[in-house]
Amino acid sequence: MIITIRNFEDNPNVKVKEELGPFKVVEFQRELSTDRASAQAAYFASEMNVRRRQLVCDVGQSNITVQAGAMQWMAGDVKATTGLKGVGDFIGKTIRGKVTKESAIKPEYTGTGTLVLEPTFKHILLLNVGDWHQSLVIEDGLFLACDSGLKHKAVVRSTLSSASLGGEGLFNLGLTGQGTVALESSIAREELIEIELDNDELKIDGNMAIAWSGSLDFTVERSGKTLLGSAASGEGLVNVYRGTGKVLMAPFLP
């Protein structure tokens, strides 16, 4: 059986923004189905890069794991499964979902067709986990989809201070292996800063990092060695990344 999809990727109003692995990001250039009352707002939104985007997945290349509820439509021999491999796997995923604030059970899609996720006004980033020392840690709420061959794990902060002082949870979602992950970000890729460390350290005032290599040691510390030093510098706590790896950082908070 062959399925032909017309007026989607071949639509002049749809631009393929990025491709990596089994994923493709499409972007709608303008809101064509708007009325007179909202036309002006839609025009200026498009001019400021506020556009609808969708993630298109080629399930024939790889089984795809997605955030729960993200599927919009699928065509071809595509089947949705729970991705569970037994009772132990269910318990592990449930616990990991609670501590990482991600959906406990992420559906896995298999087959040979096309899977398209719900449109979003956010930016969709495609990252090759292999380029991040085969281990990537992501901030809460950014996961959208990935190759099912990637392993998920809850990454515990190296010290309790990373959570208690930083005002965040104790865990982040980590992905390991070879494959592609799609993240849903409020910041455009063109504005993100990538910093590579070689047995060095990076200090960031605020939660600006959206993803980093799992090989890095992440803590939250005072900006100065003492309370007086922190007060003198005008800063309080900073996120510190040490070791060898990469950090993907936003230049500002959205």
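For the structure, see preceding data.
Computed from a predicted structure; not experimentally measured.

A. Seen up close, the overall build of the protein chain. The number of helices and strands found in the protein chain is 4 helices and 18 strands. Taking the intrachain contacts of the protein chain between residues at least 6 apart in sequence as the baseline, contacts between residues at least 24 apart amount to 78%. Entry remark: accessible area of the protein chain is about 13,300 Å², with carbon and sulfur atoms responsible for 53%.

B. The arrangement of the sheet that holds strand S5 (residues 71-75) in detail. One open sheet accounts for 5 strands, arranged S1-S2-S3-S8-S5; its pairing is antiparallel. Of all strands in the sheet, those with a lone pairing partner are strand S1 (14-20) and S5, marking the two edges. Taking the axes of each pair of neighbouring strands and ignoring which way they run, one obtains an average angle of 20° across the sheet. Here S5 pairs with strand S8 (residues 114-117) via 4 bridges, running antiparallel. When the sheet's bridge partners are listed, tryptophan 73 is paired in S8 with valine 116.

C. Local environment of the sheet that holds strand S11 (residues 143-147). Pairing is antiparallel across the open sheet formed by 6 strands, whose spatial order is S6-S7-S4-S11-S14-S9. Each end of this open sheet is capped by a strand with a single partner; those strands are strand S6 (78-81) and strand S9 (123-128). Taking each pair of neighbouring strands and ignoring which way they run, the sheet shows an average axis angle of 20°. Pairing analysis gives 3 bridges linking S11 to strand S14 (residues 180-185), with the strands arranged antiparallel. Note on S14: the bridge partner recorded for phenylalanine 143 is leucine 183.

Parameters and conventions
Residues numbered from 1 in each chain as written. Predicted model: local features only at pLDDT ≥ 70, side-chain atom pairs only at ≥ 80, totals over all residues. Heavy atoms only, no water. Helix = DSSP H or I, 4+ residues; strand = E, 2+ residues; numbered from the N terminus. Contact = heavy atoms within 4.5 Å. Areas by Shrake-Rupley, 256 points an atom, 1.4 Å probe, with all protein chains shown as cover. Pairing = 2+ DSSP bridges. Axes fitted to C-alpha atoms, helices over the stretch in contact; angles between N-to-C directions.

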